[in-house]
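Each chain, letter by letter, is given below.
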Amino acid sequence: MEIDQAKIPQATAKRLPLYYRFLEGLQASGKHRVSSSELSEAVKVDSATIRRDFSYFGALGKKGYGYNVNYLLSFFRKTLDQDELTKVILVGVGNLGTAFLKYNFSKSNNTRIEMAFDINESIVGEVIGDVPVHHFKNVKEHIEGKVEVAILTVPAAHAQGIAEELVESGIKGILNFTPARLSLPDDVRVHHIDLSVELQSLIYFLKHYPL
Ligand code: ATP
């Protein structure tokens, strides 16, 4: 079935990597089918939502059979560009940045941090977790036309200026781990992950909305 990517709602698209990772584990363990309730339990999304999500790409599931793991995976691979390796850069090789460089993303999906950038001369020239660290002043020549996604782990006060330079060098997507709110052109997508806010909100919900 030919799928029109534009018809997949954003909320559904955001859940696809979650489904993908779980299904890959199932396939690796030799399972060929999965029920929506099994999936629901594993990825913590209610089964009605899963059924609706899957209906967008023609995976309707069969009563008493569930979903075919291989079919779902081949769809997800295509949709998430998992057949292609997506190159990513990281800017800011501090504590958090270093942890990302050492974390092997390609184990669970097809993205790889190709290069990192910093301004600290004692880190520039190093190779951390197989990733070379270059000086940020040379970012454009290293990435223009080659990389579109950046992870930002710099001090908040510098995030806006750095993000603007990244956009000038062709970056179209930024995973922002700094507390700074970035304002960038409309065609640049920013996903914001503020770890301390996430932790605070978890604690707040635990306290005020017990399960
Ligand atoms: P964290 O744990 O948040 O990574 P940290 O204390 O290790 O913090 P920060 O001061 O947050 O370090 O800085 C993160 C990294 O960003 C440092 O390695 C720093 O050299 C780098 N950095 C600072 N300014 C810039 C810049 N303008 N361009 C690129 N990298 C920068």
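What you see is a predicted model; the values in this text were computed from it and never measured.

Each pair of packed helices gets described by two things: the angle between the helix axes and the distance between those axes. Where helix H1 (residues 10-28) contacts helix H4 (residues 69-79), the two axes come as close as 10 Å, and the packing angle between them is 135°. Accordingly, the angle class assigned to the pair H1 and H4 is oblique. Here the hand of the crossing between H1 and H4 comes out left-handed. Where H1 abuts H4, its residues Leu-16, Tyr-19, Tyr-20, Leu-23, Glu-24, Leu-26 and Gln-27 lie against Val-69, Asn-70, Leu-72, Leu-73, Phe-76, Arg-77 and Thr-79. Here the residues of the contact of H1 with H4 are counted per class, giving 9 nonpolar, 3 polar and 2 charged.

Below, the discussion takes up the layout of surface pockets. By volume, the largest pocket is sized at about 2000 Å³. Lining the largest pocket are 41 residues; nearest its centre among them are Pro-17, Leu-80, Thr-111, Val-149 and His-191. At the level of secondary structure, the elements contributing two or more residues to the lining of the largest pocket comprise H1, strand E3 (86-91), strand E4 (111-118), strand E7 (149-152), strand E8 (173-176) and strand E9 (189-192). For the lining of the largest pocket, the element with the highest residue contribution is H1, accounting for 10 residues.

Between helix H2 (residues 36-43) and helix H3 (residues 47-55), the shortest axis-to-axis distance is 9 Å and the interhelical angle comes to 110°. As judged from the angle between their axes, H2 and H3 are roughly perpendicular. Of the two elements, H2 crosses H3, and the hand of that crossing is right-handed. Seen from H2, the contacting residues are Ser-36, Ser-37, Leu-39, Ser-40 and Val-43; seen from H3, they are Ser-47, Ile-50, Arg-51 and Phe-54. Residue classes in the contact of H2 with H3 are distributed as 4 nonpolar, 4 polar and 1 charged.

Let us now look at unusual backbone geometry. In this structure, Lys-44 is a non-glycine residue whose phi angle is positive, near 60°. Looking at the element boundaries, Lys-44 is found in the loop between H2 and H3. Residue classification places Lys-44 among the exposed residues on the basis of a relative accessible area of 65%.

Turning our eyes to something else, we now look at the site of the ligand. Residues in close proximity to the ligand total 15 residues, the closest being Gly-94, Asn-95, Leu-96, Asp-118 and Ile-162. Residue Gly-94 places a main-chain N or O atom 3.4 Å away from an oxygen atom belonging to the ligand. Within the side chain of Asp-118, one N or O atom sits 2.6 Å away from an oxygen atom of the ligand. Its free accessible area being 630 Å², the ligand has 68% of it covered by the protein chains. Among the residues forming the shell around the ligand, the class breakdown is 9 nonpolar, 5 polar and 1 charged.

On the surface, Leu-199, Leu-202, Ile-203 and Leu-206 cluster together into a nonpolar patch covering about 410 Å² of accessible area. On the secondary structure map, Leu-206 appears in helix H8 (residues 195-208). When its relative accessible area of 59% is taken as the criterion, Leu-206 is described as exposed.

Taking the numbering used here, the UniProt-annotated feature "binding site: NAD(+)" (unreviewed entry) corresponds to Gly-92, Val-93, Gly-94, Asn-95, Leu-96 and Gly-97. Its location among the elements puts Asn-95 in helix H5 (residues 95-102). With relative accessibility at 75%, the residue Asn-95 sits in the exposed group. By the secondary structure assignment, Leu-96 is in helix H5. Those residues in contact with Leu-96, other than ones at most four positions away along the chain, are Thr-153, Phe-177 and Leu-195.

Each value, and the rule that gives it
Residues numbered from 1 in each chain as written. Predicted model: local features only at pLDDT ≥ 70, side-chain atom pairs only at ≥ 80, totals over all residues. Heavy atoms only, no water. Axes fitted to C-alpha atoms, helices over the stretch in contact; angles between N-to-C directions. Helix = DSSP H or I, 4+ residues; strand = E, 2+ residues; numbered from the N terminus. Parallel < 35°, antiparallel > 145°, perpendicular 65-115°, else oblique. Left-handed = near helix turned anticlockwise from the far one by under 90°. Contact = heavy atoms within 4.5 Å. Nonpolar A, V, L, I, M, F, W, Y, C, P; charged D, E, K, R; others polar. 1 Å grid on protein atoms, 1.4 Å probe; cavity = no way out; pocket = protein on both sides within 12 Å on 5 of 7 lines; lining within 4 Å. Points joined across faces, edges and corners; volume = space filled by probe spheres on them. Buried < 20%, exposed > 50% of the residue type's maximum accessible area, 1.4 Å probe, protein only. Near = heavy atom within 4 Å. Polar contact = N/O pair within 3.5 Å; in protein donor to acceptor, adjacent residues only side chain to side chain. Areas by Shrake-Rupley, 256 points an atom, 1.4 Å probe, with all protein chains shown as cover. Patch = residues over 30% accessible without salt bridge, like charges linked within 9 Å, V, L, I, M, F, W, Y side chains within 5 Å. Salt bridge = Lys/Arg side-chain N within 4 Å of Asp/Glu carboxyl O. UniProt positions renumbered as here; feature names shortened; annotations may be inferred.

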